[in-house]
Amino acid sequence: MTKNLFKKSFILFIFICPFLLMAQQKNLNGTVKDNSGEALVGVSITVKGTQRGTTTDANGKFQISVGQNAKSLVFSFVGFTNQEIPIGSTKIFDVVLLEDDNALSEVVVVGYGTQKKANLTGAVSTLQTKDIENFPQSNLLNMLQGQMSGLTITQPSAQPGNDQPEVLVRGVGTIGNTSPLVVIDGFQSNLTQLSNLTPNEVESITLLKDAASAAIYGSRSANGVILVTTKKGEKGDKMVVNFDNFYGIQRATILPEYVNSAQWLELDADAINGTLPTGLLDRVNSGLYPDSLSNTVWANEVFRDAPIRNHNISIRGGSNKLVFQASLGYQQQDGIMKGTNGDRTNFRLNTRAEVSKRVSAGLNIWGFNRFSHEPFTDVNSIMNRIAQSSGLVPVRYSNGNWGVRYEAIYNNAIWNNFRNPLLLTTIGRNDNKSLNLNVQGFAIIELAKGLTFSSITTASRTNANGNLFNPTYEYTDLQGRPFFVNRRAYLRESNTVTDQTQLQNYLTYTKTFNKFHDVTLLAGHEFINFKSKFFRVDGFDFPSNDVVQMDRALSDISTEGNTNEWALQSFFGRANYAFKNKYLFEANLRVDGSSRFPDTDRYAFFPSFSVGWNITNEAFLKEVSWLSTLKLRASWGKLGNDNIGNYTAIQTYNLENNYYFGNVLNFGAGISNLANPEIRWETTTIQNIGLDMAFLKNKITANIDLYDRLTDGILYRLPLPPSMGNVNAPVQNIASVRNRGLDLDVFYRTKIKKLNLTFGGNISSFTNKVEKLNGQQAISGRFIITEGHPINSYFGYVNDGLFRTEEELKNGAKTGTSEVVGSLRFVDQDKNGVINALDRVVLGNSLPKFSYGFSTRLGYVGFDATLNFIGVAGKNVYNYENGNRPGNLAQMNYWSRWYEGRWTPDNPDAPLPALKRQGPENAAASSFWIDNADFLRLKNFELGYTIPKKITKKASIERLRVYIAGQNMLTFTKIVNVDPERFSNDISNNSYPQARVMSFGINTTF
Amino acid sequence: MNKIIKYIFLTFLTIGFLSCNDSYFEKVDPNNVAEENFWKTEKDAVIGITGVYSSLQNGTLYGNLYREFDALSEIASMNNNASGVRAFETGEALSNSPLAENVWTAWYTTINRANLVADKVSKMTNISEPVRKRIIAECSFFRGLSYLHLTSLYGAVPLLKDAPTSQNKGAVRTSVADIYAFIISDLNANIPNLPLTVPAAENGRLTQMAAQTLLGKFYLYQKNWQAAAGAFKKVIDSKLYSLYPDYTTYFTPVGEFSKENLFEVVFQDGPFGEGESFSFNLDSTLALITPLGGHVGITDYANSFLATDGETTAKSKVWKSATPHQNRDPRYRATLLTNDPADLKIWRRVAANPFACRKYGRVTSQVFLGGPQNFYVFRYADVLLMYAEAVNEATGPNTEVYNSLKVVRDRVKMPNLVAGLSQTAMRDAIRTERLWELGFEGIRYYDLRRWGLLETIFTKGAPGFAKVTQRKFTPNRDEFWPIPQREIDNNPQLKPTDQNQGY
């Protein structure tokens, strides 16, 4: 419905716009060159005061017809200074554009406004999305990988609709939610919405990293802020239509290699000290028993090469009174795992009208409609099944039926819970649909010279529907007996409606006093109201697998629902002062009140102060011509975090602890979450020192920032002793965490004759340390949070190789009585002769020491090439589980390295322990399972060719570019069988793999 | 146009200033009830105590796992460690054993809820005195029941008496003797406040005699035989209870709320999540299952059931090896599934698992979201046997002892015990009777612990029983379960040295 509506209004716009353009007479022409005499291609030429314009062709030539009373032409080109030339009686214009030698005159989007880059005092990174818009990716966030210093993005999976990455800005600032705030055109949004924007509708992305830049967002800014500015039409812009398409093929970057069936039998027999029947291995290897002794490679069966395609059309244009930008995008993606797919439609319409000389107003509408499908069995479980299935069962029996059962071939190998992974990808569905619609109205009024009032209202709604269905089925084993059976069809339908309304009103005042004193002031108010309502219905037993409507369910219909609300009210202000563009000063203040806190302590102040010194503007540097810019910045400020759940301050009782007395069901009360009425805000204090440098007329720029980020009063549910029962611990302001680090960006741009070359690189490095945790430790599985170490460090025994002789085994400290020669040996830290809980120590952590990205772009005549690398150094992953266990789980398959690498009496120097079913030492958290996961990855490359305009012009095409692009094409890493890029808390080796994508695309501009 | 903009502008401003109103921030949790609105009426008090009952439905307790502990006795053995029980059989359980932590957490959940309700209800004003006293008495029962299990498994444990707060103050371990003393006096003070019987609409709620039974169990565990006998005698003399006539069907929904039941945890199938997981359906129309798959019924246990003439199969005149399942104590077939052709039609028998549990099983093709079966925590047959045991220990095998046993054996038409048994012989007879009567009810493991027989059973096997190969018992360690590592890590009052010996 909404999609249709959108299409209609879209078409309407296409029709209306041409009427805004009007025709007149007088032909002008000429060429545009740079100061080395090289023709400039694509320089935009507009007639001042009109919407009329053109661009130069491949030879730098242009032609334009102007009205009789046209006064002057404006020449503009990225990286060059604009030039305005009066027309007079001249008909031929030979223009030389000068390179813009102060790239810092660039304007940067900041909170509630823009600032000249030269006057910035905070730590800010920016990205123009045109550099990344052709990457064959479905998720905008993943395209940002390695593009900005201080921003660490880890993509765990290539599953359609479920490829949301882990996003960190400058380390891990808190124990709970570390997601940065996302602001889309002033609207406080979230990472999900950002990931569903297309790069075609985004103009730029700004990352606010320090307190000076982020404090204006107060209580939601402690994890950093990502500002997204979408494309808008521009005054006097001629109509531009872009039509972009690509088609790609995806393949898993890495699939683990497992042992073959015969090897599996040997390993399994080893693990249980069993003996295989004579001749069994020969029978397996003979391949003559495809039904009972097969040799299936499950990963190859379940994964495939899958297509992804993307289409995007956008129209931009405008007159002096009305400008607009409209776009419509569609992407369809099959998953590399069979049975998974998704698609997404994006739409946007940005309009702005100049209502009067002093008033402009507009309406922005955008959103997406996305769908994803996976089988009833979730993809991680299917990954588990692949890792837990030996190849002995065939995909299908020779009679055509699915292979469903492992035939018992020797005594102890009774293995009933085999599930055919490929079969699982075909059963049932878990479909998710999500429709997001945002409507934003705004008005900007110039109340007096330099004084502007802005008012923005945004309403956002997301409607997410889930449809989970498990059909009835019956699959028989080789003997024809029903073995894998479901007699009860099950349907779950769920719906979540999320509404967010945001009102913003603010005043901006800019004035220069006495020539030298530049002052900008900002003051405003903001209100956000959030509500989400969840509802689901479950039902069982349906007339057939095709008639699946909830009202047809025959039994066990049940429902569940909940509502969540929060509200935030804020007052904010900012003052900027610059003296002679040399000495810069900025102060921010935000006062936030949140419904999440008790009314006694609802409001909090978040101030920040920063100073800057443009040293190059001092007289003593005027003569140093190689130094274009040298600016020193320093900032201090406090930020907040209110990501603590909605109702943590008031003790509540969950009445769902129902119980029958007789035949009457009664409500029963229980505490699910302990409350803490003394809860306070979490505050982050960031100190930042930065240096901006530019050399050789801005050919080389470099920014370096050093920061110290201390988060205090971190809200955390400190684990309770189980003697407090099964309740969630209260949220307390208990911890403090410090991140210290460095962000470095360098950029180099040059032009050698017709070759344009840019190189950009960035490095982020930080150390993370828990400074305070009430003197306690929070141990959870293999992770610990403890003072003096990074958040979520690995915790367990230090491995000391294997027990290699009876002698070593006899004398060594053991966990109990189960160890044998070949078992893992641990360091007895307290020297008490026993390996127990007291021997656990911190074993490192998953945070990388460095993460970096670098990219280079080349342009030569019509050709262009982009290479974009990302990498991390000093990253460790916990690599136990699926495929990588020493035999301590019956149905587990083994990575192929276990066959040669395990300890046996014949292989006494083996790197891997002996296989063994029982014994706690196998599963104990230990350093043995921690592997280095450093990697360097060619994340994206692109090779394009723009067909000369004189050819395309004949088809009325302004620009036609074809390209091939690739993603994850090369990876250098030491870790095997798993992708080195994975979530920091992932310890189970079962995530949906990443994809390597090769794509072909066409960009067309009319 | 200008006018329109002015109006829009004004609207924005107005909305902006309206929003400054503080009431916009009053976001009360719409999913749960806030403390300040609760504990106001008698109904709230009942909702509170209902939450305590509901805590016993936990899958670690009576909802599923409770009776599986019989796999740590002569009744069964585990062939996998999915539930964590086998680690306690093979002597491999460590302080991070999930089972040790889950059982601990589940009982402490009950304790904390009971403490909370007792505290809140004692402070309520708008409540009648009998209702207040009854609910507080129920709380003291649940707290007692929890500590009976905790002390048996872990020895000294933190004794919590007060309502939980959000502060983690921690608590030291209190000796078993002190915990017993506290619970016994608490129960004695509260038992009179409970009703003798409840109306049908309150079936499942606690009665006086249920609490009396718990009191008796404490005395029994304390080896205070005289007091135990006295406590159980009160139950018997109340004449409110009798045995359900048919032992076999008793363990299906028809036996629920019968006169044999002193206290049962109520479960219902249906959409409200009130079902259990310990019972099972035997459905011959489907691929056959092995009930309690991980459990292997011990063959010596199956063979120990007497023939109908009261003799062992070896000595019996009525038992024939050709028809080994006939002419046996009816509790044999009611407790176990065998290789009898009738049984083989309804269960999947494998060589490694020759006898499976039948108790609490139903032969039905109806599918349940959760099982409908109540779990019988205290039943009259158990009371009779505990009474017999207490009297035998206190004064020897007198007629009271014989009579109690007779009631139990009469129901299954087994002959009386021969007269003139010595106290020791009677002790053995009672212990064996409990083995037959209470199999797969989760009682045996606790019996073995209180009799101090666990080590013998693990290392040698019961008299006439083979030792189970995989069983291991490390003295000075396996007498008690480990205090959960997370308790030691996170309880500010406990130090690593507070761990039980050997872990």
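Here's what I pulled together on the structure shown here. None of these values were measured; they are calculated from a predicted model.

Counting its secondary structure elements, chain A contains 13 helices and 51 strands. The C-alpha atoms of chain A give 32 Å as radius of gyration, which agrees with the globular expectation for 1006 residues (30 Å, within 12%). Expressed as lengths along the three principal axes of its C-alpha atoms, the size of chain A is roughly 100 × 65 × 65 Å. When burial is assessed residue by residue, chain A has 58% of its 1006 residues classed as buried. Within chain A, residue pairs in contact and separated by at least 24 positions form 69% of the contacts whose partners lie at least 6 positions apart. Carbon and sulfur atoms provide 55% of the accessible area of chain A, an area that totals close to 40400 Å². Charged side chains of chain A number 100 positive and 88 negative; the gap between the two group centres comes to 9 Å.

Before going further, it helps to spend a moment on the interface of chain B and chain A. Quoted interface sizes are often the accessible area lost when the parts come together. Counting residues at the interface gives 82 residues for chain B, matched by 83 residues for chain A. Taken together, the two surfaces of chain B and chain A that pack against each other cover about 7000 Å², and 61% of this comes from carbon and sulfur. Inspection of the region where chain B meets chain A yields one salt bridge. In this structure, B:Asp489 engages A:Arg840 in a salt bridge whose closest nitrogen and oxygen atoms are separated by 3.4 Å. Taken together, the connections running from chain B to chain A amount to 15 residue pairs in polar contact (both at pLDDT 80 or more). Contributing elements (two or more residues each) for the side of chain B that touches chain A: α1 (2-18), β1 (33-34), α2 (42-55), α4 (98-123), β5 (261-265) and α18 (485-490) of chain B. Counting residues per element, the side of chain B that touches chain A draws most heavily on α4(B), at nine residues. Grouping the constituent residues of the side of chain B that touches chain A by class yields 37 nonpolar, 26 polar and 19 charged.

Residues and elements named next belong to chain A. The five strands are arranged β10-β15-β16-β13-β14 in an open sheet whose pairing can be described as mixed. The strands lining the two open edges of the sheet, one partner per strand, are β10 (124-128) and β14 (187-189). Ignoring strand direction, the axes of neighbouring strands in this sheet form an average angle of 20 degrees. Examined bridge by bridge, strand β15 (residues 202-208) and strand β16 (residues 225-230) share six bridges and lie antiparallel to one another. Within β16, the residue paired with Ile205 across the bridge is Val228.

The next thing to look at is the pairing of strand β22 (residues 429-448) of chain A. Residue and element names in this part refer to chain A. Judged from the 16 bridges that link them, strand β21 (residues 359-374) and β22 form a sheet pairing that is antiparallel. Bridging from a neighbouring strand, Val359 pairs with Ile445 of β22. Across 19 bridges, β22 lies against strand β23 (residues 451-470) in antiparallel orientation. By the bridge assignment for β23, Ile445 is matched with Phe453. Once β22 ends, the chain turns through two residues before running back antiparallel as β23, passing Gly450 with a positive phi of about 85 degrees.

Below, the discussion takes up the pattern of salt bridges. Residues and elements named next belong to chain B. Following the criterion strictly, the structure yields 72 salt bridges over all chains and no others. One salt bridge connects Asp329 with Arg331, and the closest N-O pair in it is separated by 2.9 Å. Taking relative accessible area as the criterion, Asp329 reaches 1% and is therefore assigned buried. For Arg450, the salt bridge is made with Asp447, and the minimal N-O distance between the two is 3.0 Å. Pair noted here: Arg450 and Asp447 are both in helix α16 (residues 444-451), with a separation of three residues, about one helical turn. Under the relative-accessibility criterion, Arg450 is labelled buried at 9%. Assessed through its relative accessible area of 3%, Asp447 is described here as buried. Several salt bridges share partner residues, and in doing so they unite Glu260, Asp329, Arg331, Lys359, Arg379, Arg409, Arg411, Glu433, Glu437 and Glu441 into one network.

Here the focus is the sheet that holds strand β7 (residues 92-97) of chain A. Residues and elements named next belong to chain A. Taking strand neighbours across the sheet as the criterion, the three strands line up as β4-β1-β7 in an open arrangement whose pairing is mixed. Every interior strand has two partners, whereas the edge strands, β4 (61-65) and β7, have only one. Here the average twist between neighbouring strands, direction ignored, is 25 degrees.

Reading the values: the criteria
Throughout this document, residue positions are counted from 1 along each chain, in the order its sequence is written. Written order decides the labels, with chains lettered from A and ligands numbered from 1. Reporting in this predicted model follows two pLDDT cut-offs: at least 70 for local features of residues, and 80 or more for side-chain atom pairs to be given and counted; totals over whole chains, interfaces and linings ignore these cut-offs and use all residues. Only heavy atoms go into the side-chain values, all of them from the structure, while hydrogens and water stay out. Each helix is a run of H or I in the DSSP string that is no shorter than four residues. Each strand is a run of E no shorter than two, and both are numbered from the N terminus. For the radius of gyration, the atom set is restricted to C-alpha positions; the globular benchmark scales as 2.2 Å times the number of residues to the power 0.38. Whether a residue is buried, partly exposed or exposed follows from its accessible area with a 1.4 Å probe, protein chains only, as a fraction of its type maximum: under 20%, in between, or over 50%, in that order. Contacts are assigned to residue pairs with any non-hydrogen atoms lying within 4.5 Å of each other. Under the convention used here, a 1.4 Å probe and the Shrake-Rupley method define accessible areas, while residue burial counts only the protein chains that appear. Charge counting follows a simple rule: Lys and Arg are positive, Asp and Glu are negative, and His as well as the terminal groups are ignored. To locate a charge, the coordinates of NZ of Lys, CZ of Arg, CG of Asp or CD of Glu are taken. Defined in terms of a 1.4 Å probe, buried area is the accessible area two parts forfeit on being brought together, summed over both. Salt bridges, as used here, are contacts in which a Lys or Arg side-chain nitrogen is within 4 Å of a carboxyl oxygen on Asp or Glu. Pairs of N or O atoms are called polar contacts if they sit within 3.5 Å, as long as, within protein, a hydrogen donor faces a hydrogen acceptor (for residues adjacent in sequence, only side-chain-to-side-chain pairs). Basically, the charged four are Asp, Glu, Lys and Arg, the nonpolar ten are Ala, Val, Leu, Ile, Met, Phe, Trp, Tyr, Cys and Pro, and anything else, Gly included, counts as polar. A pair of strands is treated as paired once DSSP finds two or more bridges between them. All axes here are fitted lines through C-alpha atoms, helices being fitted over the stretch that makes contact, and every angle between N-to-C directions spans 0 to 180 degrees.

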